[in-house]
Amino acid sequence: MRKLTYFVACSLDGFIGDEQGDASAMFRFLDEEYLDFLRTEFPETLASHARAQLGLDHLENRRFDTVIQGRHSYDLALKEGITSPYAHMREFVASRTLGASPDPNVEIVADDVVGRVRELKAEQSGLDIYLCGGSRLAGALVDEIDELVVKSYPIIYGTGMPMFGTGARITQFALDSVRTFGNGVIVRTYRRER
């Protein structure tokens with residue numbers, strides 16, 4: 001059974017972006033040490049256009065071969081004219097309003113996103129599924145999340161989009177590892193306690 005991993009960046013106060021979902025304030029922490037960590041441990045979590053800009057598009061996927069994201073997360077790419085932000089993986093977008101996919105590499109999941117994720121988890125693959133965001137999708141999938149990788153950035157938003165939108169309930173995870181960086185970023189990995 002494949003794992004669903006919510007690999008998410010957040011502020012110290014638990015927001016993954018401002019009220020519109022903009023997380024660009026966190027980009028200032030992408031220094032060489034931290035980028036080396038991403039390049040080495042999670043290269044597939046960098047969007048395809050970022051991988052190309054950084055000269056990393058040759059790297060193989062290490063942990064994930066499938067990504068699922070919400071409509072608001074996907075809209076950030078669409079606003080830049082990017083219809084397949086993770087072209088190096090199978091892409092799924094949960095949306096009831098998007099309609100037809102603007103890209104053949106992107107499958108729109110309009111109904112029963114939990115059922116579709118369960119199907120993806122049951123597939124035979126040596127790699128897992130990356131839950132890219134957003135807040136409401138993470139809330140809807142909280143019971144399916146097997147692992148949390150929380151990248152905490154040393155900033156406070158004060159208000160914004162929480163890690164888990166409505167519908168999340170008390171769920172316990174066990175801490176597996178903590179990694180700290182000179183820029184103040186802390187990456188914590190948790191596994192689901194079942």
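Shown above is the structure to which this text applies.
Basis of the calculations
- Residues numbered from 1 in each chain as written.
- Predicted model: local features only at pLDDT ≥ 70, side-chain atom pairs only at ≥ 80, totals over all residues.
- Heavy atoms only, no water.
- Helix = DSSP H or I, 4+ residues; strand = E, 2+ residues; numbered from the N terminus.
- Rg over C-alpha atoms; globule rule 2.2 N^0.38 Å.
- Buried < 20%, exposed > 50% of the residue type's maximum accessible area, 1.4 Å probe, protein only.
- Contact = heavy atoms within 4.5 Å.
- Areas by Shrake-Rupley, 256 points an atom, 1.4 Å probe, with all protein chains shown as cover.
- Lys, Arg positive; Asp, Glu negative; His and termini not counted.
- Charge placed at Lys NZ, Arg CZ, Asp CG, Glu CD.
- Phe/Tyr/Trp six-rings, centres within 6.5 Å; stacked < 30°, edge-to-face > 60°.
- Disulfide = S-S within 2.5 Å.

1. Let's talk about the overall build of the chain
For the chain, the count of helices and strands is 5 helices and 10 strands. Here the C-alpha radius of gyration of the chain, 16 Å, is about what a compact globule of 194 residues would show, namely 16 Å. Principal-axis analysis of the C-alpha atoms gives the chain an extent of 40 × 40 × 35 Å. For the chain, with 194 residues in total, the buried portion stands at 51%. Excluding contacts between residues fewer than 6 apart, the proportion of contacts in the chain whose partners are at least 24 apart in sequence is 69%. For the chain, the exposed area adds up to about 9700 Å²; of that, 50% sits on carbon and sulfur atoms. Across the chain, the mean location of the 22 positive side-chain charges is 4 Å away from that of the 29 negative side-chain charges.

2. Quick look at helix α4 (residues 113-122)
Taken together, the buried positions of α4 are Val113, Gly115, Arg116, Val117, Leu120 and Lys121. Among the structural elements, β1 (4-11), β3 (64-70), β4 (90-94), β5 (106-109), β6 (128-133) and α5 (135-140) are those in contact with the buried residues of α4.

3. A closer look at the packing of aromatic side chains
Taken as a whole and judged by the stated rule, the model has 12 aromatic pairs. Each ring, one from Phe7 and one from Phe42, has its centre 4.5 Å from the other, and the planes form 40°; the classification is tilted. You can see Phe7 sitting in strand β1 and its partner Phe42 sitting in the loop between α1 (32-41) and α2 (48-53), a full 35 residues away along the chain. Neither residue differs from the other here; Phe7 and Phe42 are each classed as buried.

4. Some details on the state of the cysteines
Applying the stated rule across the entire model yields 0 disulfides. For Cys10, which is in no disulfide, the shortest distance to another cysteine sulfur is to Cys132 and amounts to 14 Å. Residue classification places Cys10 among the buried positions, given a relative accessible area of 2%. According to the relative accessible area criterion, Cys132 is buried, its value standing at 17%.

Keep in mind that these numbers describe shape and distance, not what the molecule does.
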